[in-house]
Amino acid sequence: MIAAMAAGRLAGQSVERLQVRADSLLREWRRASALADMVDSLKHGRAAGGTDTISVGALRIVATPSPARLREAAARAWPVIDSLYGSEAQQLAQRPYLIAPYDPDTTSPKPMLRGAIQVPWDKDVASLAMLLLTNVPIGRPDRALQNWLGGSVLPIIHPLQARAAVYVQLVTAPSQAARSCFLGVIGDCRNALALSESPDPLQQWYPSTGERRALVFRSFAEYFGYSDHGAHKSGLQQCGAGSDAACTELLRSLPPGALPRPLTYDARAALVQVALRLGGRAAYHRLVATPGEPIADRLAGAAGVSGDSLVSLWRSEILAARPAPVTLPPWGPWAALGWTAVFAVCALRSSRWRAS
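Structural notes on the overall build of the chain
Line of reasoning, step 1. Helices and strands together make up the secondary structure of the chain, namely 17 helices and four strands.
Line of reasoning, step 2. Here the chain, with 356 residues, has 38% of them falling under the buried criterion.
Line of reasoning, step 3. When contacts within the chain are restricted to residue pairs at least 6 apart in sequence, those whose partners lie at least 24 apart make up 64%.
Line of reasoning, step 4. In the structure as shown, the chain presents an accessible area of about 20,000 Å², 58% of it carried by carbon and sulfur atoms.

What to know about the environment of Thr 264
Line of reasoning, step 1. Structurally, Thr 264 is set in the loop between helix H12 (244-252) and helix H13 (265-279).
Line of reasoning, step 2. Within the local environment of Thr 264, its side chain forms a polar contact with the side chain of Gln 169, the two groups lying 2.8 Å apart.

Some points on the environment of Leu 215
Line of reasoning, step 1. When you line up the elements, Leu 215 lands in helix H9 (residues 209-219).
Line of reasoning, step 2. For Leu 215, a relative accessible area of 5% corresponds to the buried category.
Line of reasoning, step 3. Those residues in contact with Leu 215, other than ones at most four positions away along the chain, are Tyr 206, Phe 220, Leu 251, Leu 259 and Pro 260.

Structural notes on the pattern of salt bridges
Line of reasoning, step 1. According to the stated counting rule, one finds eight salt bridges in the structure shown.
Line of reasoning, step 2. With its nearest N and O atoms 3.0 Å apart, the salt bridge here joins Arg 212 to Asp 244. A residue pair is termed long-range when its members are at least 10 positions apart, and Arg 212 in helix H9 and Asp 244 in helix H12 qualify at 32 residues.
Line of reasoning, step 3. According to the relative accessible area criterion, Asp 244 is partly exposed, its value standing at 22%.

Here we look at the sheet that holds strand S2 (residues 59-63)
Line of reasoning, step 1. Judged by pairing direction, the sheet is mixed, and its four strands sit side by side in the order S1-S2-S3-S4 without closing on themselves. Pairing within the sheet leaves two strands with one partner each, and these edge strands are strand S1 (52-56) and strand S4 (117-120). The mean inter-strand angle of the sheet, taken between neighbouring strand axes irrespective of direction, is 30°.
Line of reasoning, step 2. Judged from the four bridges that link them, strand S3 (residues 97-102) and S4 form a sheet pairing that is parallel. What sits directly across from Pro 101, in S4, is Val 119.

What to know about the state of the cysteines
Line of reasoning, step 1. One pass over the structure, following the stated rule, counts two disulfides.
Line of reasoning, step 2. Here Cys 181 engages in a disulfide with Cys 189; their sulfurs sit 2.0 Å apart. Between Cys 181 and Cys 189 the disulfide shows an S-S torsion of about 90°. By sign, it is right-handed.
Line of reasoning, step 3. By relative accessible area, Cys 181 is classed as buried at 0%.
Line of reasoning, step 4. For Cys 189, a relative accessible area of 0% gives the class buried.

Some thoughts on the packing of aromatic side chains
Note on aromatic pairs: each is described by the distance of the centres and the angle between the planes.
Line of reasoning, step 1. A complete count under the given rule lists four aromatic pairs for this structure.
Line of reasoning, step 2. Consider the rings of Tyr 85 and Tyr 284, whose centres lie 5.0 Å apart with planes at 85°: the pair is edge-to-face. A residue pair is termed long-range when its members are at least 10 positions apart, and Tyr 85 in helix H2 (residues 70-85) and Tyr 284 in helix H14 (residues 283-288) qualify at 199 residues.
Line of reasoning, step 3. Judged by centre distance (5.6 Å) and plane angle (85°), the ring pair of Tyr 167 and Phe 182 falls under edge-to-face. Separated by 15 residues along the polypeptide, Tyr 167 in helix H5 (residues 159-172) and Phe 182 in helix H6 (residues 176-182) bring together distant segments of the chain.
Line of reasoning, step 4. When its relative accessible area of 25% is taken as the criterion, Phe 182 is described as partly exposed.
Line of reasoning, step 5. Members of the aromatic cluster, joined through ring pairs, are Phe 220, Tyr 223 and Phe 224.

Points about the nonpolar core
Line of reasoning, step 1. Formed by 80 residues in total, the largest nonpolar core has its most connected members in Ile 61, Ile 81, Ile 99, Trp 148, Leu 195, Leu 299 and Trp 314.
Line of reasoning, step 2. Those residues in contact with Ile 61 that sit more than four places away from it in its chain are Asp 52, Thr 53, Ile 54, Leu 70, Ala 74, Tyr 97, Ile 99 and Leu 132.

Quick word on the side chain of Ser 175
Line of reasoning, step 1. Take Ser 175: it is sitting in the loop between H5 and H6.
Line of reasoning, step 2. Side-chain polar atoms of Ser 175 contact the backbone nitrogen of Ala 177, separated by 3.3 Å.

What to know about H12
Line of reasoning, step 1. Looking only at H12, the buried set comprises Ala 246, Cys 247, Thr 248, Leu 250 and Leu 251.
Line of reasoning, step 2. Among the structural elements, helix H8 (201-205), H9, helix H10 (221-226) and helix H11 (233-240) are those in contact with the buried residues of H12.

So, the packing of H9 against H12
Line of reasoning, step 1. Across the interface, H9 lies against H12 with an axial gap of 9 Å and an inter-helix angle of 55°. The angle between H9 and H12 places the two elements in the oblique class. Judged by the twist between their axes, the crossing of H9 over H12 is left-handed. Each of Thr 209, Arg 212, Arg 213, Leu 215 and Val 216 in H9 lies in contact with H12, whose residues at this interface are Asp 244, Cys 247, Thr 248, Leu 250 and Leu 251.
Line of reasoning, step 2. Its residues assigned to classes, the contact of H9 with H12 comprises five nonpolar, two polar and three charged.

Conventions adopted
Residues numbered from 1 in each chain as written. Predicted model: local features only at pLDDT ≥ 70, side-chain atom pairs only at ≥ 80, totals over all residues. Heavy atoms only, no water. Helix = DSSP H or I, 4+ residues; strand = E, 2+ residues; numbered from the N terminus. Buried < 20%, exposed > 50% of the residue type's maximum accessible area, 1.4 Å probe, protein only. Contact = heavy atoms within 4.5 Å. Areas by Shrake-Rupley, 256 points an atom, 1.4 Å probe, with all protein chains shown as cover. Polar contact = N/O pair within 3.5 Å; in protein donor to acceptor, adjacent residues only side chain to side chain. Salt bridge = Lys/Arg side-chain N within 4 Å of Asp/Glu carboxyl O. Pairing = 2+ DSSP bridges. Axes fitted to C-alpha atoms, helices over the stretch in contact; angles between N-to-C directions. Disulfide = S-S within 2.5 Å. Phe/Tyr/Trp six-rings, centres within 6.5 Å; stacked < 30°, edge-to-face > 60°. Core = buried A, V, L, I, M, F, W, Y, C linked by side-chain atoms within 4.5 Å. Parallel < 35°, antiparallel > 145°, perpendicular 65-115°, else oblique. Left-handed = near helix turned anticlockwise from the far one by under 90°. Nonpolar A, V, L, I, M, F, W, Y, C, P; charged D, E, K, R; others polar.

Encoded structure:
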């Protein structure tokens, strides 16, 4: 029996290694395909009237000729890109942006450059820099990292606002893990960030009866009411009547990956940004170089600190971004009372409220 268990573990490890290898080969194939498309696009661009190449650091932009202020935008975007990806930002020398600016005030056909981003040439520099930052043609990370993060690793355009939004999530998310993280339980921060591997994420993220019922009715009531020709309606009614077993059964019937994590992409992206900032210029390289390891270990390795230290620093930065409360001027309450009185008088004078 022991031998069978050992063989099973070895088989599992072999499958995992093969999956990692397959993901790596797929990424290389996509990269080669993208380069081939780029070469083909450049040939078409030259045939159609030429292209300009703009270089700032390792950032390259291949664009159809126009007055668009792409060089100024690149000068703004490059320091942000370089600070995030570090040494891996040199990839961009071989992965140019393809951009086809067009005149927004003409009905003439737009310039054609296959795979290019089309943008009005009169966009201001800030908007063009935003375009570059949200479409960085860096090599995509492995599937495990993308699945955990919920997308690619990209610069956070407005970090203070993003952290403030995560603060609100910690306070309001219908998850005990998120609320405990807010109160300082680092283990629950790991749970809320989906860093702790668990065979039962439902119990880990939403352990209480109230949370599970709220999740069913806030996020999936319509799904359970109408999917499979209403097959779940009975369970939905029982859940609403107070049956935790029914709520739990409904949530466990969701397709893989459909159970929402306590915190959104913004929270996990903020954690990645902290790790890359701590780890220096090789941090992103370390993060993507070990696709077979647990995400928590990869982030700690990229940051060069322990996982708990990384999560603690992330939490401190989120709490420091607490949104400022809305304050009323001294005359605000009196103005509110005044308007209330006005509306009350109007209502009483309305024919709807007069006695017949």
